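Descriptive analysis of the structure
Residue-level listing of the chains:
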Amino acid sequence: MSTKRFLELVEEGLGMPEGSTNEGDRFIDLEAWDSVGALSVIALLDEEFGVSLDAGALQSCNTLGQLAGLVLKKAA
Amino acid sequence: MAVNPMDLSGMNVLVTGASSGLGRASAVLMSQLGARLLLLGRNTERLQETLDSLDGQGHQSLAFDLGDVAAIAAMLDQQAASFGKFDGVVHAAGILSTRPLRVSSPDVFESIYRINVVAAGQLLRGITKRSVIGDHGCSVVLVGSVTSSVGVPGLAAYAASKSAILGLMRSAALELAPSRIRVNAVLPGQFESPMADQQWKGLTEEQIARIGAMHPLGIGRASDVANCIAFLVSPAARWVTGSALAVDGGYTAH
């Protein structure tokens with residue numbers, strides 16, 4: 001899993017323009033981050049990487065980079 | 001003498017999605033009521049687990065992928081010849097996918113429709129053949145959902161498929177009544193099941209608690225829904241067809 005691909009999926013899930021996110025971005029600063037956005041990102045990560053995330057796991061991450069790390073760990 | 005209007009003795013019943021959740025609960029209950037079951041599912045091991053938990057004798061299981069919709073009618077034909085003619089069919093197999101619209105591609109819609117709707121239609125098609133059903137007709141139970149009448153964000157494709165089930169059920173009930181085939185649906189609210197676990201995966205505890213609070217009688221159990229399925233299969237429901245039975249702890253009474 002590349003970080004680039006991870007960010008692409010986050011952008012797709014949140015309906016954000018391509019290339020508009022970075023690993024350092026905090027979820028609470030992303031305007032498009034809401035419950036439906038979270039469900040969309042969870043669905044896409046599950047489909048692409050076979051990683052099943054629950055809401056608790058998501059809440060434990062402050063930044064996109066932290067979530068990428070979590071997905072990488074689970075996918076390994 | 002004790003009378004049980006839900007006695008299923010002497011009835012052969014096919015259950016799809018029998019390897020877990022509602023399908024398994026329905027199969028177990030109907031076996032306790034005297035039915036002989038043919039269990040359908042994809043996972044042989046889990047089908048065996050269901051088979052092992054049935055009461056009575058003569059039950060069988062068949063590993064079959066309902067996604068192969070073109071093969072369903074022929075499968076019924078073959079099974080009627082080998083297992084026996086069907087007096088009841090319960091379509092408990094279903095796909096639930098929490099997919100907000102933004103990530104609901106045509107593939108998402110089509111994969112959900114294939115199992116939830118097209119397979120149901122092909123099961124109904126299969127039993128139109130006289131040699132497939134018992135001498136006293138057949139009772140078909142489809143599994144709908146409260147989402148056919150009350151929306152849920154993230155479940156648009158699923159809800160659309162469950163709404164389609166209702167249209168299918170009513171027209172089939174009219175078309176097949178002359179052949180003494182009854183067609184009904186149960187519309188479950190939220191009950192404990194592997195499917196619910198999957199749906200709740202992306203929700204916070206607070207969101208799950210809110211869903212529970214929307215059910216005046218609380219979250220249900222698979223057995224609550226299985227009881228209603230068994231009723232619709234049984235002779236107790238001989239005058240019931242084209243009916244959608246809400247089994248939702250009051251969710252849609254609001």
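Located above this text is the structure these notes cover.
The sections below set out a description of the structure shown in this document.

Conventions used here
Residues numbered from 1 in each chain as written. Chains lettered and ligands numbered in written order. Predicted model: local features only at pLDDT ≥ 70, side-chain atom pairs only at ≥ 80, totals over all residues. Heavy atoms only, no water. Core = buried A, V, L, I, M, F, W, Y, C linked by side-chain atoms within 4.5 Å. Buried < 20%, exposed > 50% of the residue type's maximum accessible area, 1.4 Å probe, protein only. Helix = DSSP H or I, 4+ residues; strand = E, 2+ residues; numbered from the N terminus. Contact = heavy atoms within 4.5 Å. Phe/Tyr/Trp six-rings, centres within 6.5 Å; stacked < 30°, edge-to-face > 60°. Buried area = accessible area lost by both parts, 1.4 Å probe. Salt bridge = Lys/Arg side-chain N within 4 Å of Asp/Glu carboxyl O. Polar contact = N/O pair within 3.5 Å; in protein donor to acceptor, adjacent residues only side chain to side chain. Nonpolar A, V, L, I, M, F, W, Y, C, P; charged D, E, K, R; others polar.

**Thoughts on the nonpolar core**
All names here are of chain B. Within the largest apolar cluster, 35 residues are counted, with the highest numbers of intra-cluster contacts made by Ile72, Leu76, Phe86, Ile127, Val140, Leu142 and Val183. For this core, the secondary-structure elements that each account for two or more residues are strand 2 (36-41), helix 3 (72-82), helix 4 (106-127), strand 5 (138-143), helix 5 (156-176) and strand 6 (181-188). Each residue touching Ile127, except ones within four places of it in the same chain, is listed here: Leu76, Val89, Val132, Ile133, Cys138, Val140 and Ile181.

**Quick notes on the packing of aromatic side chains**
Under the criterion given, the structure shown has two aromatic pairs over all chains. On the basis of an interplanar angle of 45° and a centroid distance of 4.5 Å, the ring pair of A:Phe27 and A:Trp33 is categorised as tilted. For A:Trp33, a relative accessible area of 23% translates into the label partly exposed. Judged by centre distance (5.9 Å) and plane angle (15°), the ring pair of B:Phe83 and B:Phe86 falls under stacked. Exposure class is identical for B:Phe83 and B:Phe86. Each is buried.

**Remarks on the interface of chain A and chain B**
On the side of chain B, 11 residues touch chain A, which itself brings 19 residues to the contact. The contact between chain A and chain B buries some 1,200 Å² in all, and 61% of this surface belongs to carbon and sulfur atoms. Joining chain A to chain B, the criterion identifies one salt bridge. One salt bridge in this structure joins B:Arg99 and A:Glu47, with 3.1 Å as the shortest N-O distance. Here chain A is connected to chain B by two residue pairs in polar contact (both at pLDDT 80 or more). For the side of chain A that touches chain B, the secondary-structure elements that each account for two or more residues are helix 1 (3-14), helix 2 (35-49) and helix 3 (55-59) of chain A. Considering each element in turn, the side of chain A that touches chain B owes the most residues, 10 residues, to helix 2 of chain A. Within the side of chain A that touches chain B, the residues separate by chemical class into eight nonpolar, seven polar and four charged.

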